[in-house]
Structures are given as structure tokens and as C-alpha cells.
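Below, each chain spelled out in residue letters.
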Amino acid sequence: MDSTAVSQNNRSVWYFILCWTVFNIIQSATLELHADEAYYWIYSRFLAWGYFDHPPMVAVFIKLGYALFQNEFGVRLLTVCCSSIALYTIWLVVRQYGVRGLWFNLIIAGTFIFNIYGFTTTPDVPLFLFTVLFFYFYKKYLEDDNIKLTLLLALIIACLLYSKYHAVLVIGFTIISNPALLKRKSFWLMAAVATLLFLPHILWQVNHGYPTITYHLFDRSEAGYRIDQTLGYIPAQLAMGGPFIGWFIFYAAFRNKATDPFKRGLVVNAAATFIFFLLNSLKGIVEPHWTLIAFVPLVILALISINEAGKTYTWLMRLAAVNLVFIFVLRACLIFGPAWLRKVDQFKSYYGFKDWAHLVKQKAGDHYVIMSEGFQNPSKYDFYNNTTKGMSYDARDYRRTQFSLWPIEDSLQHKRIYLLLNWNNPAVTRDTIQNEAGTWFGGWVDDVRTYQKVNIAVNTKEVKAKPGQKLQFDLTITNPYPFAINFANLGAKHSVFLETCFFIHTTPVDVQQAGGDFNHINLQKGQSTLYKITAIAPQKPGKYDLFFSLRTEPFTGSRNSRFIKLIVE
């Protein structure tokens, strides 16, 4: 390719990146926050080395952007910047293989998953950026093994790990694709430096009782296999590649011959990641965007393959143009929010919640607001009112979240709070709050007390029992609060109960209360006590999730222990 062609290619890519950036800015500034984005915004209000769900990089990104603009655009500022940087870095890789700027622009702009993370701020954004940077500098490292590239890659690997745990797949599959790396002294230096940089997060997990590991390994109910999870996985991935061209991107990428260690690394990362999540669909739901890290090598391989084929691909160019127009129209519709789009489940979260948050604020004033419907809406309430007085009550039929670790719950004990529910509880709720986002019911609760942070530990992991068999467990109950607590009901406005819960997936089957001796427990801050509890196994044979829950009126009870697998036979 002569210098004139190279210059034209670079110029066309620069124009594309500029248009891409401007469009993402408009979308970021005009669209309400998605529920997950609001949740991560609260991350940024409580900066830490780790969080229940994810490492902390997304919180840092939001903190930096929000410091400049205190609105939706501020939350998404670094997303816009990182998306453009990542795409240009991909161009720096593929232009070395003679890829034309026109093909780069059509394929990149038409890759649907790249569009999503051009304006939506989640942990996938820094993961995307650092995955691209990893492959860019990994190629250089293969060509020139020097201390500068070694340390730079160590930093990028640490940033990958601080972004999302999926980074382990990128690192692991790269090593599998090139075992010769293990013979390089610089590789071990890289690993040591990256581990040292990631050590603060590891220590955070240790100091907080490994909440992420506990959740994924012990605290999730096995919902059982559904064939639609697997059957839906492949078309979802094709759609993420592009509604009309996704199939060709996969085809072109995997027909590419791995003629060198770098290409082999791309092939192994793409193929192994897609296979990994396909296998995961056999045991649970796999979200389509979880494979984002695979689309980086996939698109690079596809672009290289298109160039090496030496064909004009007129039909593909036309199809890619149609694909691009479709995505552009869809994103434009998101900006303008027509009525039909606001009814689509995937897009509902973007509309009406700013007004909803202000309506709730008018009712609650400066009081704390507790919701029991997951972390999403409390997060939106907090963002749009610039507060942290909205709290998610992590109910026993949901799961724990970062709200179980933040100090928000500590601050509302024995205060008057506003309870907001998405169902009507006539004993408490007197207000109805309604707008295009939906209908909620609110009411006041005086002298509230909750115990969702209290940890109930039990050594038993699995129990086999006969129907109706008496079961006994030795519990260790620990007070993590910075103040003393007690479970006495005498003189208390709201009673507290320790309950043994039997669930099948997320459906309660039976709930059994502990004896009155439980209410004699008093715990100083950080103190633990032993308690024996008995329960009766369900009469119906089957597999159950058994756990222990503290319930205070008028709440439904929190999940205070990990699951015990109970098999009744």
C-alpha cells in the first residue's frame, strides 16, 4: 500500500472516530442512566479496593468523569473517551496487516456490542479498553522482549483485573495459546508485578470474607438447566456481532489461519471464550455482553481475513451499510424515545426514572428511603437526587448486593424511614406514586431496625435427610456493625425473628422460626456468639436451598447465611 493510500486510510478512520465520539457524546448527554450505571455511580461515592459484585475500576472511571460534569454525561465521560481510544488502538493493530479504512469503519461501527459500550458505563468499559491495549502491547512484546514492555503489560494486566474478573480468561487463554511465554524470565517478572499491583483488591476480599467468591460459589441457587438458555446463546452472540453481519464476522475470523503466536492468541481467546460461556449456559443464564472480551480478537481476525481474501465483497459492503443504518436508527430512537420503544423491556430502564425519583423525594423529604426490589431503583433514586439515602433491602428471595456492605444501613437504624414497594402492603403503604416508569406504593415506618449485615456462619455445606426429619445446626452469629445490637422484642416497636428458610430456586417452600431464646442474644460490635437451631425437613422429597434469615417487621427478611444444599429423599 503506497503512502497516499495509507494517508487516506488514516484520514477516513480519524473522521470515523470523530463522528463516533460526537454521536456517543450526544447519546450520553441526552439519555437517562441505566439502572446498572446508577448502581456503579454509588460505587464512586464509596471508593474502595473492591465491591460485592466487581473490582473497583468502574468506580474510578465514574469518579473522574463526574468530578467534571455532575450529570449523566459525567458518569459516561470516560466511557466515551475509552471507546474511541480502544477503537483507534484496534486500527493500529489491523492496519499493520493492510486492512483498508473503509472496511474498518463498516465492521467496527456495525459491531453491535461496541455500540453498547460507546455510551453505557459498566465494568465492561474499562475491560474493553484494557483488553484492546493488552493485545496491542502483547503483539509488541512478542516482537521485542524488553523491560519497558514487560512493566507496561504488567500494569495493563493489573488494570484488566481491576476492571472485571473476566480478565482472567484473557490472561489464561493467551498463556494457553503460547506456552513458550513460560520460558521467558520477563513473563514471570510481569506476573509478579501485576500480582503486586492487584494485591490491594485481594486483601479487600480477604478482609470482607470473600463476598464475591462466596456469592458465585455458594450463594447462588441452581435454577436447573433450561434448553432455551443454550439455544438462545448462539443467535445472541451473532446479534452482538451485528444484526446483519455478525454471522460473517464469525465466519471470516475463524477461517483465518493462525500463522504466528499473536494470531494464535487471537484465535484461542475468541474461540475459547465463546465456548466457555456456551458451556456456562448449561447451568445458568449467560448475558450476551459477557463475551465482550472475545469480540476484540474476533473483529481483528475478521478484518485481517477480509483483507487477505483480496476480494471486493461488494455484497458484504452493501450488507454492512444496511447493518450500520439499522444500528444508527436504533440508537437515534433511544435518544428521542418514541412511545413504542419505551415499552420494550430492554429499554424501559432509560425512561421516566428521573421524574420518578423526584416524585419519591417529594414524599420522603430528607428521610432515608428503603426499597425491596433489587439494587436498581434505589440506585436511580440516589443518583437523581444526588444522595445516598436510598437503600436496597436485600430480601431473602433476591440476593445480597453492595448495599449489604455499604454504611447506609448503619445510619438509618431506629429512625423514621419511607418504605417504597412495587406491590401494595395495606398495613404500611398509604401513598401511590405513578408515572411512565410504573406504579409504586409508599408509607412510613418508625423506629426501623434491620440486620441484613449480620453474618450467620454454619460449617455444614450439604445435608441429606428423610421427609420430616429433625435437623440441628450450630450457628455462629456475628455483629459487623460499629455499634452493639440485640434481638430483644420486649419493648421494641418491630419484632425480630431468626428463621430457617427452605427454598427451591427463588421460591419459598417453608419458613420455620427459632425459639424464644434467640431473642436473648446481645452482641457488642464485632462480637460473635454460638447458637443451636433446630428445623424440620420438608415432607416432599427433592432438592432445597436452606439458609438462615433475620426478619424484622414490616420487611420480608434478609439472607444472612450462605446456602446449605438439602436433599430430602
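Above this note sits the structure.
Residues numbered from 1 in each chain as written. Predicted model: local features only at pLDDT ≥ 70, side-chain atom pairs only at ≥ 80, totals over all residues. Heavy atoms only, no water.

A few points about the sheet that holds strand β6 (residues 455-457)
The strands making up a sheet are joined through hydrogen bonds of the backbone, oriented either antiparallel or parallel. Read from one edge of the open sheet, three strands run β6-β8-β13, paired in antiparallel fashion. Two strands lie at the open edges of the sheet, namely β6 and β13 (528-536), each paired on one side alone. Along the sheet, successive strands turn relative to each other by an average axial angle of 35°, direction set aside. Looking at chain direction, strand β8 (residues 470-478) and β13 are connected through nine bridges and run antiparallel. Opposite D474, over in β13, you have K532 as the bridge partner. (Pairing = 2+ DSSP bridges. Helix = DSSP H or I, 4+ residues; strand = E, 2+ residues; numbered from the N terminus. Axes fitted to C-alpha atoms, helices over the stretch in contact; angles between N-to-C directions.)

A closer look at the pattern of salt bridges
By the definition in use, this model includes 17 salt bridges. Residues E436 and R342 are paired through a salt bridge, measuring 2.9 Å at the closest nitrogen-oxygen approach. Here R342 lies in helix α18 (residues 339-342) and E436 lies in the loop between β4 (431-435) and β5 (438-445), a separation of 94 residues in the sequence. For E499, the salt bridge goes to R396, with nearest N and O atoms at 2.5 Å. With a gap of 103 residues between them, E499 in strand β10 (residues 496-504) and R396 in the loop between β2 (390-392) and α21 (408-411) connect regions that are remote in the sequence. You can call E499 buried: its relative accessible area is 2%. The buried category is assigned to R396, whose relative accessible area is 8%. Residues joined in a network through salt bridges with shared partners are K361, D366 and K389. (Salt bridge = Lys/Arg side-chain N within 4 Å of Asp/Glu carboxyl O. Buried < 20%, exposed > 50% of the residue type's maximum accessible area, 1.4 Å probe, protein only.)

Focus: the sheet that holds strand β7 (residues 462-465)
With mixed pairing, five strands are arranged side by side in an open sheet as β7-β15-β14-β10-β11. Sheet topology places β7 and β11 (507-513) at the edges, where each strand pairs with a single neighbour. Neighbour-to-neighbour, the strand axes of the sheet open up by a mean angle of 30°, direction not taken into account. Across five bridges, strand β14 (residues 542-552) lies against strand β15 (residues 564-568) in antiparallel orientation. Its bridge partner lying in β15, L546 is registered against I564.

What to know about the pairing of β7
Only one face of β7 is buried, namely the one carrying V463 and A465, since none of E462 and K464 on the opposite face is buried. With four bridges connecting them, β7 and β15 associate as parallel partners. Note that in β15 the partner of E462 across the bridge is K565.

Re unusual backbone geometry
Excluding glycine, residues mostly carry a negative phi; peptide bonds, for their part, are mostly trans. Put simply, E553 and P554 share a cis peptide bond, and its omega is 5°. Looking at the secondary structure, you find P554 in the loop between β14 and β15. In this structure, Y210 is a non-glycine residue whose phi angle is positive, near 50°. Here Y210 lies in the loop between α10 (185-207) and α11 (211-217). Here Y210 falls in the partly exposed class, since its relative accessible area comes to 39%. In this structure, D447 takes a positive phi of about 50° despite not being glycine. If you trace the backbone, D447 turns up in the loop between β5 and β6.

Thoughts on the layout of surface pockets
Of the volumes computed, that of the second largest pocket is approximately 680 Å³. Put simply, the parts of the chain that give the lining of the second largest pocket at least two residues each are α10, α11 and β6. (1 Å grid on protein atoms, 1.4 Å probe; cavity = no way out; pocket = protein on both sides within 12 Å on 5 of 7 lines; lining within 4 Å. Points joined across faces, edges and corners; volume = space filled by probe spheres on them.)

Looking at the nonpolar core
Of all hydrophobic cores here, the largest spans 103 residues; its most connected members are L87, I90, F104, F114, F130 and F134. In this structure F134 touches L153, I156, I157, L160, V170 and T174, once residues within four positions along its chain are discounted. Counting residues in hydrophobic clusters, the runner-up holds 44 residues, among them W41, V58, V369 and M391. (Core = buried A, V, L, I, M, F, W, Y, C linked by side-chain atoms within 4.5 Å. Contact = heavy atoms within 4.5 Å.)

What about the environment of Y351?
Considering the arrangement of structural elements, one finds Y351 in the loop between α18 and α19 (353-364). Sequence separation of Y351 and Y384 is 33 residues, and the distance between their C-alpha atoms is 13 Å. Apart from the residues lying within four places of it in its own chain, the contact partners of Y351 are L31, E32, C333, L334, G337, L341, R342, E436 and A437.

Observations concerning helix α2 (residues 35-45)
Most of α2 sits inside the fold, with nine of its 11 residues counted as buried. Buried within α2 we find A35, E37, A38, Y39, Y40, W41, I42, Y43 and S44. Lining the buried residues of α2 we find α3 (57-66), α4 (72-94) and α20 (376-384).

Any functional reading would require information beyond the geometric quantities listed.
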